[in-house]
Amino acid sequence: MIPLSALGGGGGGIRPPGGFSSNGSPMGGGGGMIPLGALGGGMGKPMMSGSGAGPAPFMAPPSGAPPSMAPPTGGPLMGSAGMAPQQSTFLQTASMPFSAPGLRSAGAGDTLAEVGKEAKDYLDVLMPIAIPKNDEDDRPVPKQVQCLENGTDLFKIFDVDMNHFDAKAVRKTFHRLSVFVHPDKLGREATAADQARFTKLKQAYTVIMDDQLRAVYRQHCYGIAGSGGLPAQGHDAALCKSLEMGRDLRKMGEDRAIVLHKASETGWTVQQKDQDGRSMRGDGRKQAHQFNLFGEISSSDDDAELEKERRGLSIQQILEKSPKYADSFLDKVKPILLDPKVSNSAAGGAFTMHDEPKLLDYLNENPKTLQKHLRKTRAAAKQMNWAMTTLLQHKESPWRGLEVRASLVEHGTVKFLEIMKSGIAIGKFNQVHVDDFAKLLDNIHRLYMDIFERRGQELLRAAVNAELQVVYVLPESGGRLPEGTRVILHDLKSRADLNGKRGAISGWDFSLQRYTVELDREVAKNPDKLLPSNPDLMSLEDIEDADEDDEDETALQLAIPKKLMIVPKNASVDLDPPLKKLESLVKDWNSWMRRPRSVSASQDAEAVAAALGPPLESMAGYLQEAASALAAGVAGGRDGADLIAFECRESLQGARNLAAKLLGEEPQEPPPPPPLNEMLPVVAVKADDPMSRVMKEAAEVAAAGIEIKKKSRSRGRKKSRSRSRKRRRRRSSSS
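All values reported here derive from a predicted model rather than from experimental measurement.

Reading guide: rules and limits
- Residues numbered from 1 in each chain as written.
- Predicted model: local features only at pLDDT ≥ 70, side-chain atom pairs only at ≥ 80, totals over all residues.
- Heavy atoms only, no water.
- Salt bridge = Lys/Arg side-chain N within 4 Å of Asp/Glu carboxyl O.
- Helix = DSSP H or I, 4+ residues; strand = E, 2+ residues; numbered from the N terminus.
- Buried < 20%, exposed > 50% of the residue type's maximum accessible area, 1.4 Å probe, protein only.
- Core = buried A, V, L, I, M, F, W, Y, C linked by side-chain atoms within 4.5 Å.
- Contact = heavy atoms within 4.5 Å.
- Pairing = 2+ DSSP bridges.
- Axes fitted to C-alpha atoms, helices over the stretch in contact; angles between N-to-C directions.
- Phe/Tyr/Trp six-rings, centres within 6.5 Å; stacked < 30°, edge-to-face > 60°.
- Parallel < 35°, antiparallel > 145°, perpendicular 65-115°, else oblique.
- Left-handed = near helix turned anticlockwise from the far one by under 90°.
- Nonpolar A, V, L, I, M, F, W, Y, C, P; charged D, E, K, R; others polar.
- Expected span 1.5 Å × (residues − 1).
- 1 Å grid on protein atoms, 1.4 Å probe; cavity = no way out; pocket = protein on both sides within 12 Å on 5 of 7 lines; lining within 4 Å.
- Points joined across faces, edges and corners; volume = space filled by probe spheres on them.

Some details on the pattern of salt bridges
- Tallying each qualifying case throughout the model produces 21 salt bridges.
- Measuring nitrogen to oxygen at the nearest pair gives 3.5 Å for the salt bridge that ties Glu458 to Arg455. On the criterion of helical spacing, the pair formed by Glu458 and Arg455 is a turn pair, its members being three residues apart in helix H11 (residues 431–471).
- Accessibility expressed as a relative area gives 28% for Glu458, which makes it partly exposed.
- Residue Arg656 is joined to Glu669 by a salt bridge in which the shortest nitrogen-to-oxygen separation is 3.4 Å. One end of the pair, Arg656, is in helix H15 (residues 640–662); the other, Glu669, is in the loop between H15 and helix H16 (690–716), and 13 residues separate them in sequence.
- Salt bridges linked by common partners bring Asp327, Asp331, Arg455, Glu458, Asp588 and Arg595 together as one network.

Next comes the structure, spelled out in structure tokens:
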């Protein structure tokens, strides 16, 4: 379904003929059609139910001199720059059936499936309307208006002939039906279904009274015969097509109003100057596309840097960068959520969202600042969505379950930045902007809370895994070093030139009790950078010396093996990689702690801060102590690991137990390190297992049966003689 506030609009307008005044009496029908400008967002405030105000002002097309900004006297507004007034009849709409003072959205999934669930929803006659069902306060629907819900076409609803259209008969029928659905005429409080039903009637009246929308509805509802025609699609599809065209026409009216407003400030003629700087006469009227309306308020994003960063990233690299994308989003949306018009500050650096934020004041006071923050939010959301899409089928994706909400934030931000341009250009925002901003703000807040909580859980699990990465490389671990551990070679007598080289352990030979180490290859320097800027200054001797140096360097590189087998005493652990990971974890944890957390109005912010503050500070202390111990071990050289082993183990053990407690899990001791000797396979025999006993007995019975068959075959087998020998005996006996 299409969101409620899609394509703007709904910001202004008047009641259709036959509406009711505040005292309940029918209002006059009115003569001509209402211009399209009266519908659109940005040119007027939405009118409340029962108001008797007239149409919102709009700007007439200019003729000759620059146009004035006075409201029209009732002439129709052109749909495009070159369209004559008589070529387009515009929509006649109704005011909103109820006011929409609230600024909060009903939820992230609030679409038009059922409009009117809350009295704060903004009903737009140019959007598809579905009447809510199965409410507790459901009342019998009058027979006269059941046609609004059973798919009856518009011509039957208003009892007119589609070939001989009678606007007066349609208006009369509208007055008669509105008595049964108007909230002021029900004699009781209007339910959500009543309000949606009244909007449905106004929607039908709007479509059938406009020439263009009525033509589109008739073509799609009844079809067009002949070659190149159109099959009949029924009432629902035809109504959707006509409403879509109505929204397009309304958008054209809004764009044209912006052009007229800009033209009144900049002028219609192109000012040219001669070589002496004197103004020349204008050479003609300026067209709409020549105004550069949104030059200063453009919301176009620059994705060049993002595309450059994405290019060539592997799946593993995307997994490593995913926390960075999440932290970037949390930092970008923080200024929006912490604005005083949106939230209140609470104890412990938390914040509480307002029930009814002052979004209209926020838009009118700081539109450029908000636009800048939203552009940053859009860039961060796009980067997150790209990572989510890439890792959608990866089992270790950290974004599992957040794809839908992130997409809502991205598309909502892009859409609101587009409609925000009109408010900045005109200098005024209306209820359409407020409603869209409220929905976007609700989606941003929900995604912020989800990512904030998930990021904290990831950091706690990283604290548990940090112990496994550090404890195994410390002395007296009781096993060998895991594969991939960085080591430094020393005390090699046969290859003293390799002492001090670094590498990574790639295997362990159980029989020889030796490590297999892959040595790091030094990157050869570019010889072209060492050459002088003027090659003519080089003599032949210099070139020969350079060639000899290259040969010596190549021979030295070939002399260094790729792999080497060494005993454990010739390898000391390089503590730099675990130290960098632990320092990065400390930095991320402190950044996460400083970020504000969202607390609902029903929660006690001080109690939450008192419960979570001390454990989080203790976790930061444990991690900092472990990082400081590792830094001391790196500074101590070969014997540094022995000096800091105890302190580092104690700190990481405390961090592991506290992380398990915060995650709601039982703390578990880390598994033992890889063994030095090969483990023999052990077959577990369960003597008390009834299934194993049955299988054993069955195997014994089968083996005994096979032995019995073999013996019986050997006993019953007789010596067989050839047939030729028997024949010779018979012949000899007969003779």
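A look at the nonpolar core
- By size, the foremost hydrophobic cluster in this structure holds 74 residues, and its most contacted members are Phe329, Trp399, Trp589, Met619 and Leu623.
- If near-sequence neighbours (up to four positions away) are discounted, Trp399 is found in contact with Ser322, Tyr325, Ala326, Met384, Ala387, Met388, Leu391 and Arg454.
- By size, the runner-up hydrophobic cluster in this structure holds 27 residues, among which are Val125, Val170, Leu177 and Leu243.

Considerations on the side chain of Asn570
- Mapped onto the elements of the fold, Asn570 is located in the loop between strand S8 (563–566) and strand S9 (571–573).
- Given the relative accessible area of 9%, Asn570 is considered buried.
- Among residues more than four places away in sequence, those in contact with Asn570 are Ile488, Leu489, His490, Asp491 and Leu492.

Considering the sheet that holds strand S5 (residues 486–489)
- One open sheet accounts for five strands, arranged S8-S7-S6-S5-S9; its pairing is antiparallel. Each edge of the open sheet is held by one strand with a lone partner, namely S8 and S9. Sheet twist, expressed as the mean angle between neighbouring strand axes with direction ignored, is 45°.
- In terms of strand pairing, S5 meets strand S6 (residues 502–509) through three bridges, oriented antiparallel. Considered in S6, the bridge of Arg486 is made with Ala504.

Description of the packing of aromatic side chains
- What the rule picks out here adds up to eleven aromatic pairs.
- Ring centres of Phe452 and Trp592 lie 4.9 Å apart, and the angle between their planes is 20°; on these two criteria the pair is classed as stacked. You can see Phe452 sitting in helix H11 and its partner Trp592 sitting in helix H13 (residues 576–594), a full 140 residues away along the chain. Each member of the pair, Phe452 as well as Trp592, carries the same accessibility label: buried.

Quick look at the packing of H11 against H13
- At a minimum axis separation of 10 Å, H11 and H13 run at an interaxial angle of 155°. Accordingly, the angle class assigned to the pair H11 and H13 is roughly antiparallel. The crossing of H11 and H13 is left-handed. For the pair H11 and H13, contact is made by Phe452, Arg455, Gly456, Leu459, Leu460, Ala462, Ala463, Ala466, Gln469 and Val470 and by Pro578, Lys581, Leu582, Leu585, Asp588, Trp589 and Trp592, respectively.
- Its residues placed into classes, the contact of H11 with H13 shows twelve nonpolar, two polar and three charged.

Considering helix H10 (residues 403–426)
- If you check H10, its first and last C-alpha atoms are 36 Å apart, about what 24 residues at 1.5 Å a residue would give, namely 34 Å.
- One or two positions beyond H10, positive phi appears at Gly427, with a value near 85°.

Overview of empty space enclosed by the protein
- What the rule picks out here adds up to seven cavities of 30 Å³ or more.
- Lining the second largest cavity are Ser322, Pro323, Ala326, Pro398, Trp399, Leu402, Ile451, Arg454, Arg455 and Glu458.
- Breaking the lining of the second largest cavity down by element, the ones donating at least two residues are helix H7 (315–337) and H11.
- Looking at the lining of the second largest cavity, the element that brings in the most residues is H11, giving four residues.

With respect to unusual backbone geometry
- Despite not being glycine, Asp491 shows a phi value in the positive range, around 60°.
- Of note, Asp491 is situated in the loop between S5 and S6.
- Phi angles above zero are rare outside glycine, and Gln513 is one such case at about 55°.
- Along the polypeptide, Gln513 turns up in the loop between S6 and strand S7 (514–519).
- Classification of Gln513 by relative accessible area gives partly exposed; the value is 26%.

Structural notes on the pairing of S7
- In terms of strand pairing, S6 meets S7 through six bridges, oriented antiparallel. Across the sheet, residue Asp509 finds its bridge partner in S7, namely Arg514.
- The hairpin turn running from S6 into S7, its antiparallel successor, is four residues long, and Gln513 in that turn takes a positive phi close to 55°.
- Note that S7 and S8 share four bridges and pair antiparallel. Its bridge partner lying in S8, Tyr515 is registered against Ile566.

Some remarks on the layout of surface pockets
- If you add up the space inside the largest pocket, you get close to 940 Å³.
- Leu319, Glu320, Pro323, Arg455 and Ala462 are the residues nearest the centre of the largest pocket, which is lined by 23 residues in total.
- Elements with a minimum of two residues in the lining of the largest pocket: H7, H11 and H13.
- With nine residues, the single largest contributor to the lining of the largest pocket is H11.
- Among the residues making up the lining of the largest pocket, the classes are represented as ten nonpolar, four polar and nine charged.
- By volume, the second largest pocket amounts to about 580 Å³.
- In terms of lining residues, the second largest pocket is bounded by 30 residues, among which Val473, Pro475, Ala571, Ser572 and Val573 are the most central.
- Those elements that place two or more of their residues in the lining of the second largest pocket are S9, helix H14 (605–635) and H15.

Considerations on H14
- Along its 31 residues, H14 runs 44 Å from first to last C-alpha, staying within 8% of the 45 Å computed at 1.5 Å per residue.
- Considered for burial, the residues of H14 that qualify are Ala605, Leu616, Met619, Ala620, Leu623, Ala626, Ala627, Ala629, Leu630 and Gly633.
- Tucked inside the fold, the buried residues of H14 contact H11, H13 and H15.
- Gly637, located one to two residues past H14, shows a positive phi value of around 80°.

Focus: the packing of helix H3 (residues 192–209) against helix H4 (residues 211–222)
- Where H3 meets H4, the closest approach of the two axes is 5 Å, and the angle between their N-to-C directions is 95°. Considering their axes alone, H3 and H4 lie roughly perpendicular with respect to each other. The residues of H4 that touch H3, namely those facing Thr206, Val207, Ile208 and Met209, are Asp211, Leu213, Arg214 and Tyr217.
- Residue composition of the contact of H3 with H4, grouped by class: five nonpolar, one polar and two charged.

What about the environment of Lys569?
- If you trace the backbone, Lys569 turns up in the loop between S8 and S9.
- The sequence separation of Lys569 and His490 amounts to 79 residues, and the corresponding C-alpha distance is 8.5 Å.

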